[in-house]
Amino acid sequence: MSNDKSRDASSDAPIPQRNNAAEIVGSSSPLDIVLWLIALALLIGSAMVNQHLPAYWAPANDIWVRIGVILACIVVALGLLYATHQGKGFVRLLLDARIELRRVAWPTKQETMTTSWQVLLVVIVTAIVLWCFDYGLGWFIKLIIG
C-alpha cells in the first residue's frame, strides 16, 4: 500500500478531498452581526421563558407549551446562527472533522486493554510513592515540632 493519506484506514477506500483545507472567515457583514444579536436574544429568552412567560400568556401555564416555546426559540436561534458566515464555517469544520475521523487508525480491543492496565498500574504506583512521601514528610515535621 502506498503512503497515500487520502485513503480510509479500514477499507482502503478513497476519502473525498476538498481543495481548500482551511477556510478562514475573515470578516463578518453587518447582517451577520444582526443575526448574532437576534440569536443571542432568542437564546437568552429561551432561558427566561419558563419563569416569566406564564405571567404574560395564559396558555404558557401548561408545561408542554413552555417546552415547545423553548425548543422553538433554540431551533430558530440555531438556524439564524447557521445563516452567518461563521455558522457555515463551523458546519464545514464539523464535516471535515468527520472525514478526518475516518482516517484515524483506531486501536484494537487488545491494545486498548493493555494500555489501560499499564496506565492503571502507573497511577497506583505513583499514588503509593506520593503517599509514602507525604507520610515521611508528616513524620519529619512532627519530629521537628514535637
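Below or above, wherever it landed, is the structure these notes cover. These figures come from a predicted structure and were not determined experimentally.

What counts and how
Residues numbered from 1 in each chain as written. Predicted model: local features only at pLDDT ≥ 70, side-chain atom pairs only at ≥ 80, totals over all residues. Heavy atoms only, no water. Helix = DSSP H or I, 4+ residues; strand = E, 2+ residues; numbered from the N terminus. Buried < 20%, exposed > 50% of the residue type's maximum accessible area, 1.4 Å probe, protein only. Contact = heavy atoms within 4.5 Å. Expected span 1.5 Å × (residues − 1). Phe/Tyr/Trp six-rings, centres within 6.5 Å; stacked < 30°, edge-to-face > 60°. Axes fitted to C-alpha atoms, helices over the stretch in contact; angles between N-to-C directions. Parallel < 35°, antiparallel > 145°, perpendicular 65-115°, else oblique. Nonpolar A, V, L, I, M, F, W, Y, C, P; charged D, E, K, R; others polar.

## Structural notes on the overall build of the protein
Looking only at helices and strands, the protein has four helices and zero strands in total. For the protein, the α and β elements follow one another from N to C terminus as α-α-α-α. Considering the protein as a whole, with its 146 residues, one finds that 12% of them fall into the buried category. Here the contacts in the protein between residues at least 6 apart in sequence split such that 64% fall between residues at least 24 apart.

## As for helix α4 (residues 109–145)
Between its first and last C-alpha, α4 extends 53 Å over 37 residues, near the 54 Å set by a 1.5 Å rise per residue. One or two steps after α4, the chain reaches G146, where phi turns positive at roughly 105°.

## So, the packing of aromatic side chains
Counted by the stated rule, this structure contains one aromatic pair. Seen from their ring centres, W131 and Y135 are 5.7 Å apart, and the 25° between their planes marks the pair as stacked. Pair noted here: W131 and Y135 are both in helix α4, with a separation of four residues, about one helical turn. Each member of the pair, W131 as well as Y135, carries the same accessibility label: exposed.

## Considerations on the packing of helix α1 (residues 30–56) against helix α2 (residues 63–82)
Following both chains from N to C, one finds α1 and α2 inclined at 170°, their axes separated by 8 Å at the closest point. The orientation of α1 relative to α2 falls into the category roughly antiparallel. Here L35, W36, I38, A39, L42, L43, S46, V49, N50, L53 and P54 of α1 come into contact with α2, specifically with I63, R66, V69, I70, C73, I74, V76, A77, L80 and L81. Class assignment of the residues belonging to the contact of α1 with α2 gives a composition of 18 nonpolar, two polar and one charged.

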